Amino acid sequence: MRALTHQHGLRWLVVTSGALTLTYGLCLYVALLAAGRPFDLAVVPPVILVCVVGEGVASVAPTPGGLGATEAALVSGLLLYGVPLDTALAGVLIYRLATFWLPVPPGYLALRVITHRRLL
């Protein structure tokens, strides 16, 4: 911890963590737009809050990657903010496809390359 604070590493860690959280929230908002939600910037902060809570649920859920629990938390949170059920469900599925399932094939290929080169 001393090395992190001494080299300003903690500051970058906090900044990048916050940026990643905002990016995931914006991804959920864009997924809702793709699902038919009208463009409204006033909805962005609640969507980011719902995303943060949903990802928190993912970290405590007993399933790998929080499958099922994350989707339920995200849809429920969006419903609380007045997003229609069909839009919330479609938006969450698009969001999870983009942030959970699409990175799997490139990750698998990278693992194969690293293993083949005996770097891991």
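Just above, that's the structure.
Residues numbered from 1 in each chain as written. Predicted model: local features only at pLDDT ≥ 70, side-chain atom pairs only at ≥ 80, totals over all residues. Heavy atoms only, no water.

Student: Would you take a moment to explain the packing of aromatic side chains for this structure?
Tutor: Think of a pair of aromatic rings as described by two things: how far the centres are apart, and how the planes are tilted against each other in angle. Enumeration according to the criterion identifies three aromatic pairs in this entry. Taken together, a centroid distance of 6.5 Å and an interplanar angle of 85 degrees make the contact between Tyr24 and Tyr95 edge-to-face. Of the two residues, Tyr24 sits in helix H2 (residues 9–34) while Tyr95 sits in helix H5 (residues 85–101), which places them 71 residues apart along the sequence. Overall, Tyr24 belongs to the partly exposed group, its relative accessible area being 30%. Judged by its relative accessible area of 1%, Tyr95 is buried. Note on Phe100 and Trp101: the rings are 4.9 Å apart at their centroids and 85 degrees apart in plane angle, and the pair reads as edge-to-face. A residue is classified by how much of its surface remains accessible, and Phe100, at 24% relative accessible area, is partly exposed. You can call Trp101 partly exposed: its relative accessible area is 44%. (Phe/Tyr/Trp six-rings, centres within 6.5 Å; stacked < 30°, edge-to-face > 60°. Helix = DSSP H or I, 4+ residues; strand = E, 2+ residues; numbered from the N terminus. Buried < 20%, exposed > 50% of the residue type's maximum accessible area, 1.4 Å probe, protein only.)

Student: Any chance you could explain the packing of H2 against H5 here in plain terms?
Tutor: Any two packed helices are characterised by the angle at which their axes cross and by the distance between the axes. As a packed pair, H2 and H5 sit with axes 8 Å apart at the nearest point and diverge in direction by 130 degrees. Classified by the angle between their axes, H2 and H5 sit oblique to one another. Once H2 is placed against H5, the crossing between them reads as right-handed. Contacts from Tyr24, Cys27, Leu28, Ala31, Leu32 and Ala34 in H2 reach Thr87, Ala88, Gly91, Val92, Ile94, Tyr95 and Thr99 in H5. The residue inventory of the contact of H2 with H5, partitioned by class, reads 10 nonpolar, three polar and no charged. (Axes fitted to C-alpha atoms, helices over the stretch in contact; angles between N-to-C directions. Parallel < 35°, antiparallel > 145°, perpendicular 65-115°, else oblique. Left-handed = near helix turned anticlockwise from the far one by under 90°. Contact = heavy atoms within 4.5 Å. Nonpolar A, V, L, I, M, F, W, Y, C, P; charged D, E, K, R; others polar.)

Student: Help me out: how do you make sense of helix H3 (residues 44–60) in this one?
Tutor: For the α-helix, the turn length of 3.6 residues means that residues three or four positions removed from each other point alike. Along its 17 residues, H3 runs 25 Å from first to last C-alpha, staying within 8% of the 24 Å computed at 1.5 Å per residue. Those residues of H3 that fall on the buried side of the exposure criterion are Val44, Pro46, Val47, Ile48, Val50, Cys51, Gly54 and Ala58. Along its buried surface, H3 packs onto H2, helix H4 (69–80) and H5. (Expected span 1.5 Å × (residues − 1).)

Student: How do you make sense of the packing of H3 against H4 when you look at a structure like this?
Tutor: Look at H3 against H4: their axes get within 8 Å of each other, and the N-to-C directions meet at 155 degrees. One element, H3, and the other, H4, form an angle in the roughly antiparallel class. Here H3 and H4 pass one another in a crossing that is right-handed. Note on element contacts: H4 touches H3 through Ala69, Thr70, Ala73, Leu74, Gly77 and Leu78, opposite Val47, Val50, Cys51, Gly54, Glu55, Val57 and Ala58. Class assignment of the residues belonging to the contact of H3 with H4 gives a composition of nine nonpolar, three polar and one charged.

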